[in-house]
Amino acid sequence: MHPLPLSMLFLIAFAFISLQVSALPNKTLVAPIIKDSKTSLYTITLNSHEKYVIDINAPLSWRLCPNPPSPVSCSAPQCYQARSFLSGMCPPANNIWMKYGQCQCVVTPVNSVAKSCVPERLTYGSFILNWTNGKNPTGVAKLNKIYYSCASKTLFKSLPQGVSGLAALSRAPLSFSSQFSRDYLGMAKSLQFVSLVETGLPALLSLEMGISINGKASKFSPNAFSFDSNGNGGVKLSTLVPYTVLRSDIYKTLLNDFSKATKSIPRVKNVSPFGLCMKASAMGWTRWGLMAPTIELELGNGVVWRIYGVNSMKEVGNDVACLAFVDGGKTAKEAVVIGAYQMENQFLEFDLAGSRLGLSPSLYSYRTSCANFNFTTAV
């Protein structure tokens, strides 16, 4: 029997140490991440029980605030940092002069799932995470004066039930990750690094060489993955997109080549939003999931991201498995958006200071998965 969990728990290594606790010996902070079965969004658990939707492209975290929240002055450096990312989805968000002449910083928290935004106040507070020895939690760390935005209840539309807010893990100066400093888990020794493109907030890569299936290179038009004069193109990573999205010209080539590589497997009726579905029991199984052709994303610096069946095929029930890639349309802003399904059980390290992404082989190569990390044992 093969595992098919409804909710996948995987590990994110907070390769950061809070500036407020930097006097302690170097350790690594971890938190459990759970996939919500209804929305396919991922939440990270902070403060022991509070769940926050993960957005690796958001500039600022947000949550419901205590009343009144701790004020942040309009002249504070953090206000300037936060207001450098005001969203055009919001009405003009002017700083508000409060009574007694106090100016309070106003920012624009965004729910990118529901495409909504509400002007709100910038504030700060404390968060609790676990220290780890790489296998189990060994204690707790209190991270003081972490900046985030307040949020109204209207901002929670389309998010998993019971979440406390949104956790920004981008390179922006006031994301959760940027407010911590770095450290490493032992897994980091096996990482290969590829440069991130510094064009604003999104986690962007440059797919320099293309895509291969079972070692055979797919043929794309020249500069298919390059950035155009308007800054469109490249490869974005997103935890809010469930499956990898490709611009139509790229998607059609991938679909055609993957179809040829699986021509001996019986086809079944396609299940939305996928464009190629087949009989799952005819594919066979390996420790990397369904026995599907290996898809290789050939990145810069000779780095190859290998996607095996467990991350390329989605079982949708009734003995049906579909290629877990989606057509993004002819005018998609990015050439490719790598979705959360393709990132499951991959160890990814976002080195924000070095502007690079570290990739490990699939954890199934080590005969393990992120779900094997034990969050229940503490010393």
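Right above here is the structure, for reference.
In this report, the structure presented in the accompanying data block is examined. (Residues numbered from 1 in each chain as written. Predicted model: local features only at pLDDT ≥ 70, side-chain atom pairs only at ≥ 80, totals over all residues. Heavy atoms only, no water.)

## Section: the overall build of the protein
Within the protein, the secondary structure is distributed over four helices and 32 strands. Across the 379 residues of the protein, 51% fall into the buried class. Residue pairs at least 24 apart in sequence account for 68% of intrachain contacts in the protein once pairs closer than 6 positions are excluded. (Helix = DSSP H or I, 4+ residues; strand = E, 2+ residues; numbered from the N terminus. Buried < 20%, exposed > 50% of the residue type's maximum accessible area, 1.4 Å probe, protein only. Contact = heavy atoms within 4.5 Å.)

## Some points on the nonpolar core
One finds L237, F258, I295, W305 and M313 to be the most contacted residues of the largest nonpolar core, which totals 58 residues. In this structure, this core is formed jointly by two domains, domain 1 (28-180) and domain 2 (192-366), each of which donates at least three residues. Look past the residues within four positions of W305 in its chain and what remains in contact with it is L237, I295, E296, L297, L299, I338, Q342, M343, Q346, L348 and L359. With 12 residues, the next largest nonpolar core counts A58, L166, A168 and L240 among its residues. (Core = buried A, V, L, I, M, F, W, Y, C linked by side-chain atoms within 4.5 Å. Domains from an automatic or database assignment.)

## Some remarks on helix 2 (residues 248-261)
Look at helix 2: 20 Å from first C-alpha to last across 14 residues, which is about the 20 Å you get at 1.5 Å a residue. Three or more residues of helix 2 are buried, namely S248, I250, Y251, T253, L254 and F258. (Expected span 1.5 Å × (residues − 1).)

## Quick word on the environment of G309
Relative to the elements of secondary structure, G309 occurs in helix 3 (residues 309-312). Taking the C-alpha atoms as reference, G309 lies 9.8 Å from M283; in sequence the two are 26 residues apart. When sequence neighbours within four positions are dropped, the list of residues in contact with G309 reads W288, L290 and A292.

## Details of the sheet that holds strand 26 (residues 304-307)
Ordered by their spatial adjacency, four strands build an open sheet running 19-18-25-26, and the pairing between neighbours is antiparallel. Since the sheet does not close on itself, it has two edges, and those belong to strand 19 (216-217) and strand 26, each with one partner. Two elements, strand 25 (residues 295-298) and strand 26, share four bridges in a ladder whose sense is antiparallel. Note that in strand 26 the partner of I295 across the bridge is I307. Sitting on the sheet, helix 2 is in contact with strand 18 (210-213) and strand 25, with an inclination near 15° to strand 18. (Pairing = 2+ DSSP bridges. Axes fitted to C-alpha atoms, helices over the stretch in contact; angles between N-to-C directions.)

## So, the pairing of strand 25
Consecutive side chains of a regular strand alternate in pointing toward one face of the sheet and then the other. Side-chain alternation along strand 25 places I295 and L297 on one buried face and E296 and E298 on a second face that is also buried. Here strand 18 runs beside strand 25; their pairing, made up of four bridges, is antiparallel. Pairing of S212 across the sheet is with E296, part of strand 25. Linking strand 25 back to strand 26 in an antiparallel pair, the connection comprises five residues, with N301 at a positive phi of about 60°.

## Points about the side chain of N47
Along the chain, N47 turns up in the loop between strand 4 (42-46) and strand 5 (50-55). According to the relative accessible area criterion, N47 is buried, its value standing at 14%. Within the local environment of N47, its side chain forms a polar contact with the side chain of E50, the two groups lying 2.9 Å apart. If near-sequence neighbours (up to four positions away) are discounted, N47 is found in contact with Y52, R63, S126, F127 and I128. (Polar contact = N/O pair within 3.5 Å; in protein donor to acceptor, adjacent residues only side chain to side chain.)

## Some thoughts on the side chain of S61
Relative to the helices and strands, S61 is located in the loop between strand 5 and strand 6 (62-63). What makes S61 buried here is its relative accessible area of 1%. At a separation of 2.8 Å, a polar atom in the side chain of S61 contacts the main-chain amide nitrogen of A168.

## Quick look at the pairing of strand 18
Burial along strand 18 is two-sided: the face carrying G210 and S212 and the face carrying I211 and I213 are both buried. The pairing of strand 18 with strand 19 spans two bridges and is classified as antiparallel. Counted as the bridge partner of S212 is A217 from strand 19.

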